[in-house]
Amino acid sequence: MSPDQLRTALRELNGERAATFAIVGIAESIVVHNAMLIPDEPDHLVKVTDGKSVFIIDAERVAWVRIGLKQ
């Protein structure tokens, strides 16, 4: 998956949903609660925040993403 494709898929993240990422080569998935996509910055990295931390996602290693429904 390219960074642009991943950003497109994550546009629905507005702080009201959890996002679960499965990364190739890592046995456990990564869950980001109250996830929000950080807009594209000059470094062009895909970044997601939960308001407490910033998660940098390597788009090329993402196997799948699960976005929870609004609660």
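Quantities reported herein were computed from a predicted structural model and do not represent experimental measurements.

(A) A look at the pattern of salt bridges. Considering all chains together, one arrives at five salt bridges under this definition. The closest approach of N and O atoms between R17 and E12, which form a salt bridge, is 2.9 Å. In this structure R17 comes out as buried when scored by relative accessible area, which is 14%. For K47, the salt bridge identified is with D43, shortest N-O distance 2.8 Å. Accessibility expressed as a relative area gives 12% for K47, which makes it buried. A relative accessible area of 38% places D43 in the partly exposed class. Counted as one network, the salt bridges with shared partners bring together D4, R7 and D40.

(B) Here's a closer look at unusual backbone geometry. Of note, the phi angle at N34 is positive, near 50 degrees, even though the residue is not glycine. Among the secondary structure elements, N34 is positioned in strand β2 (residues 30–38). N34 sits in the partly exposed class, given a relative accessible area of 46%. Even without being a glycine, H44 presents a positive backbone phi close to 60 degrees. Position of H44 relative to the elements: it lies in the loop between β2 and β3 (46–49). Residue H44 is classed as exposed on the basis of its relative accessible area, which comes to 51%.

(C) Broad picture of the environment of R61. Checked against the element boundaries, R61 lands in the loop between β4 (54–57) and β5 (62–67). According to the relative accessible area criterion, R61 is partly exposed, its value standing at 38%. Separated by 58 residues in the primary sequence, R61 and P3 have C-alpha atoms spaced 10 Å apart. In contact with R61, not counting residues within four places along its chain, are A22, I23, V24, G25 and I26.

Parameters and conventions
Numbers given to residues run from 1 along each chain, matching the order in which its sequence is written. Only residues with pLDDT of 70 or above have their local features reported here, since the model is predicted, and side-chain atom pairs are shown and tallied only from 80 upward, although totals for entire chains, interfaces and linings are computed over all residues. The side-chain quantities take in all heavy atoms of the structure and omit both hydrogens and water. Salt bridge, as used here, is a side-chain nitrogen of Lys or Arg placed within 4 Å of a carboxyl oxygen of Asp or Glu. Three labels apply to residues, based on accessible area from a 1.4 Å probe with only protein chains included: buried if under 20% of the type maximum, exposed if over 50%, partly exposed otherwise in between. The way it works is that DSSP assigns letters per residue, a run of H or I at least four long becomes a helix, a run of E at least two long becomes a strand, and they are numbered from the N terminus. The contact criterion used is simple: two residues touch if any of their non-hydrogen atoms lie within 4.5 Å.

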